[in-house]
Amino acid sequence: MGGVIVNADSAQVYRDLEILSAAPTESERSLAEHRLYGIRDGALPCSAADWAAMARQEIAEAHASGRAPILVGGTGLYLRALLDGIAPVPAIDEEVRARVRQAATEDNYTKLEMLDPEAAGRLKPRDTARVNRALEVILSTGRKLAEWQQQREGGIATDVELRPLLLLPPRDWLYARCDERFARMIDLGAVAEVEALLARKLNPNLPVMRAIGVRELSGYLVGDITLDEAIAAGQQATRRYAKRQYTWFAHQPPPEWPRLREALDLDRLGEALALFQAKG
């Protein structure tokens, strides 16, 4: 259809994770135009607001050229930010952000319990990204994150014709594919990719350093575990994430969004694409 594929996956934004994020290959990119893949250095975190702003621009450019933007990816927070809008949280003070991100997650959670007990009650103590975000918002703005989130700005859901499709294949099929994919990443050079990341000595709290596979293969590279153990751990982490994604996409989007629950094998492509056909 001459469309433009726009990345909606938070890991595939980073050029440092081409293998571990299963970014489109050069041969795949030659089949269609791809946007927002590998556009960020791992040292620069990409927030949902950052991505939504870039996606809005890509969507507008595609529409202006008469092409259909096709958003692909499993980061629900990104898609929700684009469609429903972003809470207008002011820019976080850089000194506050640096102080929060350099501190241990346990210490930040303790501070959050004192400053925003409601947020702390909703979060897991080891959820580094969300704990840090809630703490830096209240320290920088003086208001709780939940208060900011009651306001939403910039959503495009009412301005576009949306054709959604949720892929929810059988779990046993999905988990087997997760295991196969991680093993294939090892063959493609994932260990060297993580080794290059570690050589940069980036902040361990950055999203790129918390990506699935980075922590597990780092353990192998520093000699704490064997490669087989690292692979098994990476496969398990992938399955756990897939389970969380599956649950989110099964329940959070509107119930009228079509859901394909069959195995995503090539012989079912027609069945999937049929769900995109014009209504009526």
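Overview of the structure. Each chain carries its own residue numbering, running from 1 in the direction its sequence is written. Where local features are concerned, this predicted model is filtered to residues with pLDDT of at least 70; where side-chain atom pairs are given and counted, the filter is 80 or more; whole-chain, interface and lining totals use all residues. Side-chain metrics rest on all non-hydrogen atoms present in the structure, leaving aside hydrogens and water.

## Describing unusual backbone geometry
Argument step 1. The residue Ala 22 is not glycine, and still its phi comes out positive at about 55°.
Argument step 2. Assignment of secondary structure puts Ala 22 in the loop between strand S1 (4-7) and helix H1 (26-29).
Argument step 3. Positive phi outside glycine occurs at Lys 201, with the angle close to 55°.
Argument step 4. Along the polypeptide, Lys 201 turns up in the loop between helix H10 (190-199) and helix H11 (214-221).
Argument step 5. Owing to a relative accessible area of 72%, Lys 201 belongs among the exposed residues under this scheme. Secondary structure is summarised from DSSP: a helix means a run of H or I of at least four residues, a strand means a run of E of at least two, and numbering begins at the N terminus for each. Residue burial is assigned from relative accessible area. The probe radius is 1.4 Å, only protein chains are included, and a residue is buried under 20% of its type maximum, exposed over 50%, and partly exposed in between.

## Re helix H2 (residues 48-64)
Argument step 1. For H2, built from 17 residues, the straight-helix expectation of 24 Å at 1.5 Å per residue is met to within 8% by its first-to-last C-alpha distance of 24 Å.
Argument step 2. Burial in H2 covers these residues: Ala 48, Trp 51, Ala 52, Ala 55, Glu 58, Ile 59 and Ala 62. When H2 is viewed along its axis, its buried side chains cluster within an angular range of 130° and face the same direction.
Argument step 3. In this structure, the buried side of H2 is in contact with S1, strand S2 (33-35), strand S3 (69-72) and helix H3 (76-84). Multiplying one less than the number of residues by 1.5 Å gives the expected span of a helix. By arc we mean the arc of the directions from the helix axis to the C-beta atoms, nothing more. We call two residues in contact whenever any of their non-hydrogen atoms come within 4.5 Å of each other.

## With respect to the packing of helix H4 (residues 94-102) against helix H7 (residues 128-141)
Argument step 1. Each axis is a line fitted through C-alpha atoms, taken for helices only over the stretch in contact, and angles between the N-to-C directions span 0 to 180 degrees. Packing of H4 against H7 brings their axes to within 10 Å, and their N-to-C directions diverge by 145°. The hand of the H4/H7 crossing is right-handed. Residues Val 96, Arg 97, Val 100 and Arg 101 of H4 touch H7, and the partners they reach there are Asn 132, Arg 133, Leu 135, Glu 136, Leu 139 and Ser 140.
Argument step 2. Considered class by class, the residues forming the contact of H4 with H7 number four nonpolar, two polar and four charged. Should the near helix be turned anticlockwise from the far one by less than a right angle, the crossing is termed left-handed; should it be turned clockwise, right-handed. For this classification, the nonpolar set comprises Ala, Val, Leu, Ile, Met, Phe, Trp, Tyr, Cys and Pro, the charged set comprises Asp, Glu, Lys and Arg, and every other residue, Gly included, is treated as polar.

None of the figures reported here should be taken as evidence of function without further support.
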